Amino acid sequence: MSLPKVILKSGKEKSIQRRHPWIFSGAVYGVSREINDGEMVDVVDSKNNHLGTGYFSDKGSIVVRILTFGEEIFSENFWAAKLQSAWYLRTQLLDFEVTNAFRVIHGEGDGISGLIIDYYDKNWVIQAHSTGVFLQMEQIAEAIKSNFPDYCETIYCKSSGTLPNTGTDYFLFGNKAEAVAKENNILFSVNWVEGQKTGFFLDQRENRKLLGEFSKGKKVLNTFCYTGGFSIYAMSAGAELVTSVDISQKAVDLAASNMELNFPNANHKAVADDVFNFMKEHTQQYDVIVLDPPAFAKSIKSKHTATQAYKRLNIAGLKALAPNGILFTFSCSQVIDDVLFYNTVAAAAIETGRNIRVLHKLEQGPDHPTNIYHPEGHYLKGLVLFVE
């Protein structure tokens, strides 16, 4: 049975020919028939030349997410092949003996636009960002079970936050809700049913490890701490004191619990407070500070407001930093690009008048790869600053 066609305007085929997986509404001339949200379609140019196959969306500006390009045929083996390729890459990146928590599928970075899969010690958490992917949930789960039987105890669909109209989250296989995951031999309790996102922020693994190199004998402040990842790495490296701050009491409790799991006698303070308020009210200076806020900008419209918020946050962080201190500062807002983030931090630095050197430019871990044809997949930006 032939698929419905999405016909592009003349000249709008260039991006897909360069293997960019998104077709925007402004590029579409018309459709061959009425198409349902999530239905698979063929994309053709104005002369009816086949360009690719993907999922149609009637929501938002991205009309089609391409899965196969050119003459490549979408087959039943698609999910298995993509999973096997992604898993092989992770075996090259990670030692599963010391790290058993990582991202298996990072959307466009692994060739499946709209799909995220995270792995926590034989437990798979799937998050769909498009209706087309969500409708294939059973097939994806079957591909996981069939191809990784020794690495699969639970498969959980957690898409209600990314696709609000899909209803509740649910188990596709097994029924475990949490596990103790291992990252560079550091333990974290992860609950994918109750936790944010898929239960843990895996993209900061390499940056947490780097933080440890600066933390021995230091007083460390971890803001927006969530489950305490940076805090525990700092303590593992011999920090003198670690303070974890988050506005959520639940997050602070998780951070304290994870610290207890690794270092029962740690000199650790877990504080439930607004980060801006905490740094304003507390006069103690820290040797190392982590600023890892949630995305201040979710859309282009909020870009200016977000930029001002990042500036205020970095001014506060720099003021709370002791002489010759280290600042780890991040933005995970996709609409705040590297140059804007750098300039925003520089503007904050100018306002403090301190001498500052950039030691590292940071990004998401390699298990969150960026497709070279889809630079939008690069979202996490970070700087490590030495502040005199």
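Residues numbered from 1 in each chain as written. Predicted model: local features only at pLDDT ≥ 70, side-chain atom pairs only at ≥ 80, totals over all residues. Heavy atoms only, no water.

Naming follows an unreviewed UniProt entry, where the protein chain appears as Class I SAM-dependent rRNA methyltransferase of Flavobacterium helocola. According to the UniProt record, the Subcellular location (unreviewed entry) comment for the protein chain is "Cytoplasm". Under the Sequence similarities (unreviewed entry) heading, UniProt states for the protein chain: "Belongs to the methyltransferase superfamily. RlmI family." (UniProt positions renumbered as here; feature names shortened; annotations may be inferred.)

Q: What's the story with the overall build of the protein chain in this structure? I'm lost.
A: Of regular secondary structure, the protein chain possesses 10 helices and 20 strands. With the C-alpha coordinates of the protein chain rotated into their principal frame, the extents come out at 70 × 45 × 35 Å. Among the 388 residues that make up the protein chain, the fraction classed as buried is 52%. Entry remark: accessible area of the protein chain is about 17,600 Å², with carbon and sulfur atoms responsible for 51%. (Helix = DSSP H or I, 4+ residues; strand = E, 2+ residues; numbered from the N terminus. Buried < 20%, exposed > 50% of the residue type's maximum accessible area, 1.4 Å probe, protein only. Areas by Shrake-Rupley, 256 points an atom, 1.4 Å probe, with all protein chains shown as cover.)

Q: Looking at this structure, how should I read the packing of helix H9 (residues 303-319) against helix H10 (residues 338-352)?
A: Any two packed helices are characterised by how steeply their axes cross, that is the angle between the axes, and by the distance between the axes. Two elements in contact, H9 and H10, have axes separated by 8 Å at closest approach and are oriented at 45 degrees. Classified by the angle their axes make, H9 and H10 are oblique. Remark: the crossing between H9 and H10 carries right-handed chirality. From H9, Lys303, Thr307, Tyr310, Lys311, Asn314, Ile315 and Leu318 reach across to H10, where they touch Leu340, Thr344, Val345, Ala347, Ala348, Ala349, Glu351 and Thr352. By residue class, the composition of the contact of H9 with H10 is 8 nonpolar, 4 polar and 3 charged. (Axes fitted to C-alpha atoms, helices over the stretch in contact; angles between N-to-C directions. Parallel < 35°, antiparallel > 145°, perpendicular 65-115°, else oblique. Left-handed = near helix turned anticlockwise from the far one by under 90°. Contact = heavy atoms within 4.5 Å. Nonpolar A, V, L, I, M, F, W, Y, C, P; charged D, E, K, R; others polar.)

Q: Please explain the nonpolar core as it appears in this structure.
A: The tendency in soluble globular proteins is for nonpolar side chains to be buried side by side. If you look at the biggest cluster of nonpolar residues, it comprises 33 residues, and the most contacted ones within it are Tyr120 and Phe328. Every element with two or more residues in this core is listed here: strand S12 (178-183), strand S13 (186-191), helix H5 (205-213), helix H6 (229-236), strand S17 (286-291) and strand S18 (321-331). When residues of this core are assigned to their parent elements, the largest contribution, 5 residues, is made by H6. Setting aside chain neighbours within four positions, we find Tyr120 in contact with Asn100, Ala101, Val125, Ala179, Ala181, Val190, Trp192, Thr198, Gly199, Phe200 and Leu202. Grouped together as the second largest cluster of nonpolar side chains are 32 residues, Tyr55, Ile105, Ile144 and Cys157 included. (Core = buried A, V, L, I, M, F, W, Y, C linked by side-chain atoms within 4.5 Å.)

Q: Explain unusual backbone geometry here, please?
A: Its identity is not glycine, yet Asn48 carries a phi of approximately 70 degrees, on the positive side. Mapping Asn48 onto the fold places it in the loop between strand S4 (40-44) and strand S5 (50-56). Residue Asn48 is classed as partly exposed on the basis of its relative accessible area of 46%. Phi is positive for Lys122, close to 75 degrees, though the residue is something other than glycine. With respect to the helices and strands, Lys122 occurs in the loop between strand S8 (115-120) and strand S9 (123-128). Residue Lys122 is classed as partly exposed on the basis of its relative accessible area, which comes to 29%.

Q: Can you help me understand the sheet that holds S17 in this one?
A: What holds strands together in a sheet is hydrogen bonding between their backbones, with the strands either parallel or antiparallel. Spatial strand order, S16-S15-S14-S17-S18-S20-S19: 7 strands in an open sheet with mixed pairing. The open sheet has two edge strands with one neighbour each: strand S16 (268-272) and strand S19 (356-363). Each neighbouring strand pair of the sheet contributes to a mean axis angle of 15 degrees, computed without reference to strand direction. By the bridge criterion, 7 bridges tie S19 to strand S20 (residues 381-387) in an arrangement that is antiparallel. Residue pairing in the sheet places Lys361 in a bridge with Leu383 of S20. Across the sheet, helix H7 (residues 249-262) touches strand S15 (241-246) and S16, and the angle it forms with S16 is around 165 degrees. Where H10 meets the sheet, it contacts S18, S19 and S20, and its direction lies at approximately 25 degrees from that of S20. (Pairing = 2+ DSSP bridges.)

Q: Help me understand the packing of H6 against H7 in this model?
A: Their axes nearest at 9 Å, the elements H6 and H7 cross at an angle of 30 degrees. If you check the angle between H6 and H7, you find them roughly parallel. As H6 runs across H7, the sense of the crossing is right-handed. Note on element contacts: H7 touches H6 through Ala255, Asn258, Met259 and Asn262, opposite Ser231, Ile232 and Met235.

Q: I keep staring at the pairing of strand S1 (residues 5-8) and nothing clicks. Help me out?
A: Along a regular strand, successive side chains alternate from one face of the sheet to the other. Residues Val6 and Leu8 of S1 are buried on one face, while the alternating residues Lys5 and Ile7, pointing to the opposite face, are not. Pairing of S1 with S4 involves 3 bridges; the strand directions are parallel. Counted as the bridge partner of Val6 is Val43 from S4.

Q: Can you walk me through the side chain of Thr99 in this structure?
A: Among the secondary structure elements, Thr99 is positioned in the loop between helix H2 (78-93) and strand S7 (101-106). Side-chain polar atoms of Thr99 contact the backbone nitrogen of Asn184, separated by 3.0 Å. Not counting residues within four places of it along the chain, the set of residues in contact with Thr99 comprises Leu94, Lys182, Glu183, Asn184 and Arg205. (Polar contact = N/O pair within 3.5 Å; in protein donor to acceptor, adjacent residues only side chain to side chain.)

Q: I keep staring at the sheet that holds strand S3 (residues 28-31) and nothing clicks. Help me out?
A: Here 6 strands make up an open sheet; going across it, the order is S2-S6-S5-S4-S1-S3 and the pairing mixed. Two strands close off the open sheet at either side, each with one partner strand: strand S2 (22-24) and S3. Averaged over all pairs of adjacent strands, the angle between strand axes in this sheet comes to 35 degrees, irrespective of strand direction. Alignment of S5 against strand S6 (residues 62-69), held across 5 bridges, turns out to be antiparallel. Looking at the pairing, Gly52 lines up with Phe69 of S6.

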